[in-house]
Amino acid sequence: MATTPAVTSERGFAAEYARLEERILARDQIAASQVLYGLLKQGRPVTEIVGETVRIHAPYTHVPYHQRLDDGVVKFVNNDHCLLSERVGLPLASLVHPELSLLPLAQSVWYIPTGLDPWNQLLGRAPGHYTRLYEIAVNQEPPAPEVHWPDAEPLHIEGALGERLNHWLTLVQRGEVLTSYRVFLGLMADAPNRRQVLAHLAFAGLIDVQDRMLHNRSYTTGHKAYRARATIELGRALGWERVPSVLYAGVPDIAVGPRWYSTYEMGSNVVQNVLDGRDAELLRQDTPLTAAEEAMVIELITRQREPSVIDALVALLKAGRSPRRILDAIQVAAAEVILETGHPNNFSMSQHGYEYCNTLGWFYDTFEHPRRLPLLFVAAAFINRAAEHQANTPNNGRKAITPPPGAESWSSRQLLERLDAALLALRPDEAVALTAAHLKAGFDRAPLVQVLATAACKLGNDPHNQELGLCLLEDFLHTRATDRDRLLLASAQHTAGHRKYGDPLEAYRRFTEALGLNTG
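Residues numbered from 1 in each chain as written. Predicted model: local features only at pLDDT ≥ 70, side-chain atom pairs only at ≥ 80, totals over all residues. Heavy atoms only, no water.

J.: Would you explain helix α15 (residues 291-303) in this entry?
T.: Helical geometry note: an α-helix holds 3.6 residues per turn, so side chains three or four residues apart project in the same direction. End to end, α15 covers 18 Å across 13 residues, agreeing with the expected 18 Å (1.5 Å per residue, within 8%). Regarding α15, the residues found buried are E293, E294, V297, I298, L300, I301 and T302. The elements touched by buried residues of α15 are α16 (306-318), α17 (323-339) and α19 (373-391). (Helix = DSSP H or I, 4+ residues; strand = E, 2+ residues; numbered from the N terminus. Expected span 1.5 Å × (residues − 1). Buried < 20%, exposed > 50% of the residue type's maximum accessible area, 1.4 Å probe, protein only. Contact = heavy atoms within 4.5 Å.)

The structure is reproduced here in structure tokens:
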């Protein structure tokens, strides 16, 4: 597994994928995208192209540590947006306007050249996403991206499955990156137990959440969980044996520091000491929250201190309420924090908080991991801290949602056309108001979801933000929360309001022009 081969088995396309690799490693967004457009015109399968792009960037999106401390200034070196973007492209394709089903893939390929070797970007040695984020000048031809963690061969260990999983997670906690990666590859070779192994990978990401936010620069905002999920979903979609580079792209980072487990320790201790360690029993509860209970959870998380939030969740669980339905309410609280975010630069905590809740919902719905319950308290604490962060950061706060004059007489189509224009013009207040007007009129939600998904996909230059827009729509489609419409309002707010880089519509325009699409 030390060298991952090209994914496609058709030799006729090997030269084109070699050209794609060459242009990506040269950080040439335009030329890499042109190669992609050619592949799309030739009808190459999306899964094949995604597999090749994962193979290409897998060695170059790791960092030796997720924090730099240069001249006493803390800088956060983020997790891999390339992998996150590729994961989101698959479900987004079915939510956006049908003509644009390939746009999520095009946005990924547009971004990947800027996502390589973020460690050296922060040193000013290479151009990319972080040089523009921190406004670092790069005045030279970029060198080849650096491989900070090499690929490796599996390391097989003896013992029962539980013992082997415990050993792997201990290596992760100790920061033994390469050994933990090799042990995980060995665990994945145990095909009959692969589902439990993948559940533990997601769990290892979900327990790693920083324990404070206000006035912090180095955030562990659940990104390892998002990367673990991307690894799992892409591996299943592409095939573990066919695209082994998915594991290389996603797994080593789980052990990279800094690592923060204190919030999970809080949740675990609450379950053990206050709820008597009744994880299995409490996880089987299926009674939903009442509307009043849901409102209470949202109010406490967004307005009160953490002890009150913990007490409320404990009381609900003792009263027989479903943990999964409590999570639905936490997601609405997270959406509320997004709705109260003002300045474009202020979305980091609110958007990552929501994505954590979305990822935890996916974890609950995908795996029967025995330690899911403490993570409910992690999610509530995460959003409570995000709400505190936003309340104490200028240019945030509650805003009245005022319908546009005359909106009550507009058809669904008129509202959606105006909504699309407001989203692309980056007018969040107007976008939220138009979304609210469409909801109030009682029109079909499906076209509204499509407009929101399509707009999130059109706005590029960091397609991790498409993923955040999708999270809200994804949860809206299956949540049982009473106030689920808040998720659609928050999707409009986030898509129009979050920080953009460069010309956010450039990749969209190049894609539609290259494929001859007339999207109006």
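J.: Which parts of the structure should I look at to understand the pairing of strand β1 (residues 67-70)?
T.: For a regular strand, the rule is simple: side chains alternate between the two faces of the sheet. In terms of strand pairing, β1 meets strand β2 (residues 73-76) through 4 bridges, oriented antiparallel. Residue Q67 lies in a different strand from β2, and its bridge partner there is F76. Counted along the chain from β1 to the antiparallel partner β2, the turn is 2 residues long, and its residue D71 has a positive phi close to 55 degrees. (Pairing = 2+ DSSP bridges.)

J.: It is not clear to me how empty space enclosed by the protein should be interpreted in this structure. Could you clarify?
T.: Space left empty within the atom packing is revealed by a probe, the size of a water molecule, rolled over the atoms. Under the criterion given, the structure shown has 3 cavities of 30 Å³ or more. Estimates place the volume of the largest cavity at around 60 Å³. In terms of lining residues, the largest cavity is bounded by T61, N78, N79, D80, H81, C82, Y111, G115, P118 and Y130. Looking at side-chain class alone, the lining of the largest cavity contains 4 nonpolar, 5 polar and 1 charged residues. (1 Å grid on protein atoms, 1.4 Å probe; cavity = no way out; pocket = protein on both sides within 12 Å on 5 of 7 lines; lining within 4 Å. Points joined across faces, edges and corners; volume = space filled by probe spheres on them. Nonpolar A, V, L, I, M, F, W, Y, C, P; charged D, E, K, R; others polar.)

J.: What's the story with the packing of aromatic side chains in this structure? I'm lost.
T.: Any aromatic ring pair is given by two values, namely how distant the centres are and how the planes are angled relative to each other. According to the stated counting rule, one finds 7 aromatic pairs in the structure shown. Look at F203 and Y264: their rings are 5.5 Å apart centre to centre, the planes differ by 85 degrees, and that puts the pair in the edge-to-face class. Of the two residues, F203 is situated in helix α10 (residues 194-206) and Y264 in helix α13 (residues 262-274); the sequence distance between them amounts to 61 residues. Residue F203 is classed as buried on the basis of its relative accessible area of 5%. For the pair W362 and F367, a centre-to-centre distance of 5.7 Å together with 90 degrees between the ring planes defines the contact as edge-to-face. You'll find W362 and F367 in the same group, each marked buried. A network of ring pairs unites the aromatic residues W362, F363 and F367 as a single cluster. It is R68 that lies over the ring of W119; its NZ or CZ is 4.4 Å from the centre. A cation over an aromatic ring shows up here: R372 above the ring of Y364, its NZ or CZ 5.4 Å from the ring centre. (Phe/Tyr/Trp six-rings, centres within 6.5 Å; stacked < 30°, edge-to-face > 60°. Lys NZ or Arg CZ within 6 Å of the ring centre and 35° of its normal.)

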